[in-house]
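Tertiary structure, described
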Amino acid sequence: AEHKHKVGFRGPLLLEPKPREPMAHQYDYDAATVLGFLRQYGLQDEFALNLEANHGTLAGHTGEHETAMAAAFGKLGSIDANRNEAVLG
């Protein structure tokens, strides 16, 4: 986020929650975890979320749940649309 300000970028940086990539316990597991992390460290105004529907499934939620969570907090930055196949993971 510091570099964003240094170069004069005014938009949000995007984070993509990715459960189990590359490990099981991490700080970007799902939308709620990422939002809590950003809030804890005072970065909520710097970032928005880039969601991939199937990552919600891998986190034990749905793509719709992840989208609703990000939107409820005004942090829906973008969506990577894919087939959201439940057989993955």
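Residues numbered from 1 in each chain as written. Predicted model: local features only at pLDDT ≥ 70, side-chain atom pairs only at ≥ 80, totals over all residues. Heavy atoms only, no water.

Right, let's get into helix α2 (residues 31-40). Residues Ala 31, Val 34, Leu 35 and Leu 38 constitute the buried set of α2. Mapping the buried residues of α2 onto a view down its axis gives an arc of 100°, with all of them on the same face. In this structure, the buried side of α2 is in contact with β1 (13-15), β2 (47-52) and α4 (63-72). The positive-phi residue at the C-terminal boundary of α2 is Gly 42, with phi of around 65°. (Buried < 20%, exposed > 50% of the residue type's maximum accessible area, 1.4 Å probe, protein only. Helix = DSSP H or I, 4+ residues; strand = E, 2+ residues; numbered from the N terminus. Arc of directions from axis to C-beta. Contact = heavy atoms within 4.5 Å.)

The next thing to look at is the nonpolar core. If you look at the biggest cluster of nonpolar residues, it comprises eight residues: Ala 31, Val 34, Leu 35, Leu 38, Phe 47, Leu 49, Leu 51 and Ala 70. If you list the elements that add at least two residues to this core, you get α2 and β2. Tallying contributions element by element places α2 first for this core, with four residues. (Core = buried A, V, L, I, M, F, W, Y, C linked by side-chain atoms within 4.5 Å.)

Another point: empty space enclosed by the protein. All told, the structure shown has one cavity of 30 Å³ or more when counted by the stated rule. Estimated volume of the largest cavity: approximately 40 Å³. Lining of the largest cavity is provided by Pro 17, Pro 19, Tyr 29, Asp 30, Leu 51, Glu 52, His 55, Gly 56 and Glu 66. Among the secondary structure elements, those contributing two or more residues to the lining of the largest cavity are β2 and α3 (53-58). (1 Å grid on protein atoms, 1.4 Å probe; cavity = no way out; pocket = protein on both sides within 12 Å on 5 of 7 lines; lining within 4 Å. Points joined across faces, edges and corners; volume = space filled by probe spheres on them.)

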